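Coordinates in review
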Amino acid sequence: MSSAVVTREAVDSKSPRAMTGGEAAVETLRQNGVDTIFGLPGVQLDGLFNAFHENQDSIRVIHTRHEQATAYMADGYSRVTGKEGVCVVVPGPGVMNASAALATAYACNSSVLCLTGQIRSDLIGVGRGMLHEIPDQLGMARSFSKFQARANSPAEIPGALDRAFAEIRTGRARPTYVEVPPDIFFATGEVTIGPAVAPRTRSAGD
């Protein structure tokens, strides 16, 4: 599936409310049944980890020491629990470190969602050598994920994550990938959190 920038359609059941991009991401994860994530903090993820801290009673954050371990742990968690394993990594070398584990999850049909940071949104593709900047990070994710998206505003985050969950829960289960720039995690906007994505249904054997 090709890379995409996903905009949430106005079909949600709840009214919009002001929240940061980090809060929108955490609330959407919670809405879709996530209670554990495997993550490695970094400066591009500060806005997201602020929201994780505010919701520490409902989402457990397991800190790892390397991004490859982060994604492998999410893979293992998914295989054992039957739920989506969610890994959170910094952009650039963080994503590339995680790619080995995500490629394994891709080959083995594991339900893994990779949520990553990016460089500042107005500098993506400019080539100024920002910290952890790599060319076409979204395109690189095609190599190890079934679906890729970037959210360019807080309002787009729930739609991108919901689509990622929908792709995992339908058809062949494989990793999905969503990236959010650091300024978007900190930005505040009117955000609508919709209902949870429908769970996977398995047909009975013939």
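As a starting point, this report considers the structure included with it. Please read these numbers as outputs of a predicted model, since none were measured by experiment.

Focus: the overall build of the chain
- Within the chain, the secondary structure is distributed over 7 helices and 9 strands.
- Here the C-alpha atoms of the chain give a radius of gyration of 16 Å, agreeing with the 17 Å that 2.2 N^0.38 yields for 206 residues.
- Along the first, second and third principal axes, the C-alpha set of the chain runs to 55 × 40 × 35 Å.
- Nonlocal contacts in the chain, meaning residues at least 24 apart in sequence, comprise 81% of its contacts between residues at least 6 apart.
- For the chain, the accessible surface area stands at approximately 9200 Å², while carbon and sulfur atoms represent 51% of it.
- Positive and negative side-chain charges in the chain, numbering 19 and 21 respectively, have mean positions lying 6 Å apart.

Considerations on the nonpolar core
- The biggest cluster of nonpolar side chains holds 34 residues, and the ones touching the most others in it are Leu-48, Phe-52, Val-88, Leu-113, Leu-115, Ile-157 and Val-180.
- Only helix H1 (21–31), helix H2 (46–54), strand E5 (85–89), strand E6 (112–117), strand E7 (147–150), helix H6 (157–169), strand E8 (176–180) and helix H7 (182–186) provide two or more residues apiece to this core.
- Per-element tally for this core: the top contributor is H6, with 6 residues.
- Once residues within four sequence positions are removed from consideration, Leu-115 is found in contact with Leu-48, Cys-87, Val-88, Val-89, Leu-161, Val-178 and Val-180.

Some remarks on the pattern of salt bridges
- Taken as a whole, this structure holds 7 salt bridges when the rule is applied.
- In this structure, Asp-35 engages Lys-83 in a salt bridge whose closest nitrogen and oxygen atoms are separated by 3.2 Å. Of this pair, Asp-35 sits in the loop between H1 and strand E3 (36–39) while Lys-83 sits in the loop between helix H3 (67–81) and E5, and the two are 48 residues apart along the sequence.
- For Asp-122, the salt bridge is made with Arg-120, and the minimal N-O distance between the two is 2.7 Å.

Observations regarding H2
- Inspection of H2 places Gly-47, Leu-48, Phe-49, Ala-51 and Phe-52 among the buried residues, and these make up the whole buried set.
- Summarising the contacts, the buried residues of H2 are in contact with H1, E3, strand E4 (60–63), E5, E6 and H7.

Some words on the packing of aromatic side chains
- Here the structure, examined in full by the defined rule, presents 3 aromatic pairs.
- Taken together, a centroid distance of 5.6 Å and an interplanar angle of 65° make the contact between Phe-38 and Tyr-77 edge-to-face. With Phe-38 in strand E3 and Tyr-77 in helix H3, this residue pair connects regions lying 39 residues apart in the sequence.
- For Tyr-77, a relative accessible area of 15% corresponds to the buried category.
- Measuring from ring centre to ring centre gives 5.5 Å for Phe-49 and Phe-52, while their planes differ by 70°; the resulting arrangement is edge-to-face. Of this pair, Phe-49 and Phe-52 both sit in helix H2, 3 residues apart, roughly one helical turn. The pair formed by Phe-49 and Phe-52 is uniform in burial state, with each residue classed as buried.

Criteria and thresholds
Each chain carries its own residue numbering, running from 1 in the written order of its sequence. Restriction of local features to residues with pLDDT of at least 70 applies here, the model being predicted, together with a cutoff of 80 or more for giving and counting side-chain atom pairs; totals for whole chains, interfaces and linings are based on all residues. Hydrogens and waters are ignored; side-chain quantities use all the structure's heavy atoms. Every helix listed is a DSSP run of H or I at least four residues long, and every strand listed is a run of E at least two residues long, numbered separately from the N terminus. Each radius of gyration is computed over the set of C-alpha atoms, and the globule rule expresses the reference value as 2.2 Å times the number of residues to the power 0.38. Contact definition: two residues touch when any of their heavy atoms are within 4.5 Å. Areas reported as accessible are Shrake-Rupley estimates using a 1.4 Å probe. Residue values count occlusion only from the protein chains shown. The convention is simple: Lys and Arg are positive, Asp and Glu are negative, and His and the chain ends are not counted. A charged residue contributes its charge at one atom only: NZ of Lys, CZ of Arg, CG of Asp or CD of Glu. Only buried residues count toward a nonpolar core. Its members are Ala, Val, Leu, Ile, Met, Phe, Trp, Tyr and Cys residues joined through side-chain atoms within 4.5 Å. Think of it in three bands: with a 1.4 Å probe and only protein chains considered, a residue is buried below 20% of the maximum accessible area for its type, exposed above 50%, and partly exposed in between. A pair is scored as a salt bridge if a Lys or Arg side-chain nitrogen falls within 4 Å of a carboxyl oxygen belonging to Asp or Glu. For Phe, Tyr and Trp, rings pair up if their centres lie within 6.5 Å, where Trp contributes its six-membered ring, and each pair is then called stacked (planes under 30 degrees apart), edge-to-face (over 60) or tilted (otherwise).

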